[in-house]
Amino acid sequence: MVGAPTPNERLDMKTRNVRMIGAGALVLALAGVGATAVAQDTTPPPRYDRALEWAPTPVPDRIVLNTTENNATSQAVTWRTSAEVTTAQAQIAKMDAGPYFAYGGQSKYETVTATSNAPIAANLGYTAKFHSVTFKDLDPKTAYLYRVGDGTNWSEWQEFTTASDKAEPFSFIYYGDSQNDVKDHASRVFRRAFRDRPDAKMIIHAGDLVNTANRDHEWGWWNYASGWINGNINTMAVPGNHEYQSGKLTPVWSHQFENPKNGPAAVDAVAPESVYFTDYQGVRFIGLNTNLQNDKVAMQEQADFLDKALAENPGKWSVVTFHHPVFATASSRNHQNVRDFFLPIFEKHQVDLVLQGHDHNYARGGLTNANIGKSGISNGTVYVVSVSGPKMYQLNDGFNWRRNGAEQVARTEYKQLYQLIDVDGNEIRYEARTADGKLFDGFTITKNGKNKKVTNSAEAFGPSKKGPKFESEIEYKYQD
Ligand SMILES: [Fe+2]
Ligand SMILES: [Fe+2]
């Protein structure tokens, strides 16, 4: 028996029909002038060789800005070239209104020698090299121009602005898994988020940026989807299970990203640059690696690191990101060790936002107040699961939340989302928007001394005694 066509097959049939209608029109037109019709070839063209499409050259590509331990006075950048490049370097100048900062006798830039990583033999048959530079001794809250290259072959001049050395308003963006078909489907989400917050200072990726850790065209898609945005806004990424292959974090991770090296040494030895913190204008951002959830020693090391990083937070706010959610939203998933090791520390320090991925749908909520005799959701930590790419999982009914003392306030499935977060003095404003740009979920956290309050700003999704609204109007489900 032949099954119903998949969405891809339906699309393919439609394309073929259009081609055949086109061919028919051609036959009629030719018949009108007495010519003979030629048989039309309806075979789809071959896919262009991915090794040609994604091969590196001496001209830099995949340029990504990363945070540092002091974002007010330093800035990290990484990029890729072909392996023959041996003189990688970067240049930096203060922002200028015209081009003469870069020219001849009037030039005002400085040149910094880059660190080059060992070449990576990509699955597509070529060898690539990643390079990194950390610009240092910069002025706080100051705009700069920079470019990367080898002394002859350069990127364009791009821009960044260092952080203020004080708590000041800023915005950041957060994405769940982009993972599959990132060029086709996550690109519009990334670009819409950028249009909505063009001056965001950081973009958080909560793991599963790609689907197959060592497939280079997938990293090509990921970089292509954001284009030059990644060269202008810091990426703060943590690895998901799909950044692992054969039990190992892909070497691309520590080459493509230049994260602060302030995580636990033992974890860094097995998964470099996957656990770290960075401070930005009053917010401490902490990244954890939950791929190590079955290694209790590694989890304890991360828990100790987390506890200390939160205890020593110099800022008012704290945001933690990692891949596998404390409270699962898909199928019968359950991450007991993530909960056991991290949840008590989040609640002890009243972490403001916990931003997660892995479950390919959306839920937001927190612990209930039932244990202190109050109804509703606590004003403590807000837990979010989200997804930016096209792989969609059905929601479970929230049982993993309820069984573990938590409740969802908002949730949805079969939608791609992006999150815009504005930090402003005593307030954090959060919005989750769907891929079509519509507001889906929103809340505000206000903090005065020890008094903290979470208020829903998208009221349709406020706490309900009857439980959250279940949305399931889109039936398309991703198939791989
Ligand atoms: Fe995923
Ligand atoms: Fe995952």
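These remarks concern the structure in this document.

Basis of the calculations
Residues numbered from 1 in each chain as written. Chains lettered and ligands numbered in written order. Predicted model: local features only at pLDDT ≥ 70, side-chain atom pairs only at ≥ 80, totals over all residues. Heavy atoms only, no water. Donors = N, O, S within 2.8 Å, 3.2 Å for Na, K, Ca; no water. Tetrahedral: all angles 85-135°; square planar, octahedral: opposite > 155°, others 65-115°. Helix = DSSP H or I, 4+ residues; strand = E, 2+ residues; numbered from the N terminus. Buried < 20%, exposed > 50% of the residue type's maximum accessible area, 1.4 Å probe, protein only. Pairing = 2+ DSSP bridges. Right-handed = clockwise from strand over helix to strand, strands pointing away. Phe/Tyr/Trp six-rings, centres within 6.5 Å; stacked < 30°, edge-to-face > 60°. Axes fitted to C-alpha atoms, helices over the stretch in contact; angles between N-to-C directions. Parallel < 35°, antiparallel > 145°, perpendicular 65-115°, else oblique. Left-handed = near helix turned anticlockwise from the far one by under 90°. Contact = heavy atoms within 4.5 Å. Salt bridge = Lys/Arg side-chain N within 4 Å of Asp/Glu carboxyl O.

### So, the coordination of the iron ion (ligand 1)
1) Next: Every protein donor of the iron ion (ligand 1) is listed here as Asp177 (OD), Gln179 (OE1), Asp208 (OD) and His360 (NE2), and their distances to the metal cover 2.1 to 2.2 Å.
2) Next: Around the iron ion (ligand 1) sit 4 donor atoms; with metal-centred angles ranging over 87 to 179°, the donor geometry is irregular.
3) Next: The distance between the iron ion (ligand 1) and the iron ion (ligand 2) comes to 3.2 Å, with Asp208 serving as a donor to both metals. On the criterion of sequence distance, the pair formed by Gln179 in the loop between strand 10 (170-175) and helix 3 (182-196) and Asp208 in the loop between strand 11 (202-205) and helix 4 (216-226) is long-range, its members being 29 residues apart.
4) Next: A residue is classified by how much of its surface remains accessible, and Gln179, at 1% relative accessible area, is buried.

### Concerning the pairing of strand 10
1) Next: Burial within strand 10 is extensive, with 6 of its 6 residues counted as buried.
2) Next: The sheet contact formed by strand 10 and strand 22 (residues 417-424) spans 5 bridges and is antiparallel. Looking at strand 22, one finds that Phe172 is bridged to Ile421.
3) Next: Considered for its hand, the β-α-β crossover made up of strand 10, helix 3 and strand 11 is right-handed.

### Notes on the packing of aromatic side chains
1) Next: Under the criterion given, the structure shown has 27 aromatic pairs.
2) Next: Residues Phe172 and Phe285 carry aromatic rings whose centres are separated by 4.9 Å and whose planes lie at 90° to one another, so their mutual orientation is edge-to-face. Separated by 113 residues along the polypeptide, Phe172 in strand 10 and Phe285 in strand 16 (residues 283-287) bring together distant segments of the chain.
3) Next: Each ring, one from Phe327 and one from Tyr383, has its centre 5.2 Å from the other, and the planes form 75°; the classification is edge-to-face.

### Topic: the packing of helix 3 against helix 4
1) Next: Between helix 3 and helix 4, the least distance of the axes is 8 Å, while the angle of their chain directions is 30°. As judged from the angle between their axes, helix 3 and helix 4 are roughly parallel. Helix-helix and strand crossings are classified by hand; for helix 3 and helix 4 the assignment is right-handed. Residues Val182, Lys183, Ser187, Phe190 and Arg191 of helix 3 touch helix 4, and the partners they reach there are Trp221, Trp222, Tyr224, Ala225 and Ser226.

### Overview of the pattern of salt bridges
1) Next: In total, this model carries 24 salt bridges according to the counting rule given.
2) Next: In this structure, Asp196 engages Arg433 in a salt bridge whose closest nitrogen and oxygen atoms are separated by 2.8 Å. Taken together, the positions of Asp196 in helix 3 and Arg433 in strand 23 (residues 427-434) put the pair 237 residues apart, joining distant regions of the chain.
3) Next: Close ionic contact of Arg433 with Glu431 constitutes a salt bridge, the shortest N to O distance being 2.6 Å.
4) Next: In this structure Glu431 comes out as partly exposed when scored by relative accessible area, which is 24%.
5) Next: Ionic contacts of the salt-bridge type, sharing partners, join the residues Asp61, Arg62, Arg80 and Asp216 into one network.

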